[in-house]
Amino acid sequence: MDHAVAVPPLHTLTVAGRHERFPVNRVFCVGRNYAAHAREMGKDPDREPPFFFMKPSGAVIDASRDPAVPYPRKTANYHHEIELVVAIADGGRDIAVADALEHVYGYAVGLDMTRRDLQLEARDKGRPWEFGKSFAHSAPIGPLRRACDIGHPANGAITLTVNGQARQSSDISKLIWSVSECIAYLSAYEELEPGDLIMTGTPEGVNAVLPGDVMQGAIDGLDGIRVVVSQGHVEEPRRPA
Ligand code: MN
């Protein structure tokens, strides 16, 4: 087929122990899905319905191949958010909670990197979060582990260190909305498709990183992620609070 302009790249992720790669379709992200993180963002952690924002597929970095995360333009407060990532194998709409895990291909450790200054400015003005959340290279993700190999993790430590110092530490059992509930809820609004990713939200302890910082994330039972913030476009970056 002839195309009128250059064909956009397909972004893919490594599958641990397999030669085939996972093609990334859309990236759905859950906001405020751990109570302690909702509180640190100044919000009430009551169990209100989940809400979602999206990143483009081009936000995804296969961290096992490319461990560099460029410091983005137009921010002075670049934050880490360690998250459990769910990869969808089979799509569908109006998926029942009881059936939701049958649609999962696998799981990985990922980072929802955030231009916090831009996100909070948008939030407080009632504007979309795109510039704070939905930019290139903002989703470094480790290798996927297939659900047929490891099952469906429902509890276990989720941690992030920066330069070896603890920053985020929680347990995925503290998700306000479980993986099954997120899939069911989301599929009522949007038909899920193969290749979709769901980033399930971050626990407390989000903070700033600077060029040269080494971030190491882990979730029990999954392959860890190790990435380095590379010199991108720094304009007086803020030190960690
Ligand atoms: Mn997040």
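Every value quoted in this text rests on a predicted model; they were computed, and no experiment measured them.

Can you tell me about the sheet that holds strand S17 (residues 214–219), naming the residues and giving the values?
Read from one edge of the open sheet, 5 strands run S6-S18-S17-S13-S14, paired in mixed fashion. At either end of the open sheet lies a strand with only one pairing partner, and these are strand S6 (68–70) and strand S14 (165–171). Neighbouring strand axes in the sheet, compared pairwise and without regard to direction, differ in orientation by 20° on average. Pairing analysis gives 5 bridges linking strand S13 (residues 157–162) to S17, with the strands arranged antiparallel. Bridge pairing links valine 162 to methionine 215 in S17.

How would you sum up the sheet that holds strand S7 (residues 78–80)? Please name residues and give values.
Taken in spatial order, the 3 strands of this open sheet run S10-S7-S16, and their pairing is antiparallel. In the strand order of this sheet, the two ends are held by strand S10 (114–115) and strand S16 (207–208), each with one partner. When S7 meets S10, the two strands line up antiparallel, connected through 2 bridges. Across the sheet, the residue bridging to tyrosine 78 is arginine 115, located in S10.

Provide a residue-level description of the pattern of salt bridges, including the pertinent values.
Under the counting rule described, the total for this entry stands at 14 salt bridges. Between aspartate 112 and lysine 133 there is a salt bridge, with its nearest N and O atoms 2.9 Å apart. Remark: lysine 133 occurs in helix H3 (residues 130–133) and aspartate 112 occurs in the loop between strand S9 (104–111) and S10; sequence separation between them is 21 residues. The buried category is assigned to aspartate 112, whose relative accessible area is 1%. Notably, a salt bridge pairs arginine 146 with aspartate 149, separated by 2.9 Å at the nearest N-O pair. Salt bridges sharing common partners tie together Lys55, Glu81, Asp112, Arg116 and Lys133.

Conventions we followed
Residues numbered from 1 in each chain as written. Predicted model: local features only at pLDDT ≥ 70, side-chain atom pairs only at ≥ 80, totals over all residues. Heavy atoms only, no water. Pairing = 2+ DSSP bridges. Helix = DSSP H or I, 4+ residues; strand = E, 2+ residues; numbered from the N terminus. Axes fitted to C-alpha atoms, helices over the stretch in contact; angles between N-to-C directions. Salt bridge = Lys/Arg side-chain N within 4 Å of Asp/Glu carboxyl O. Buried < 20%, exposed > 50% of the residue type's maximum accessible area, 1.4 Å probe, protein only.

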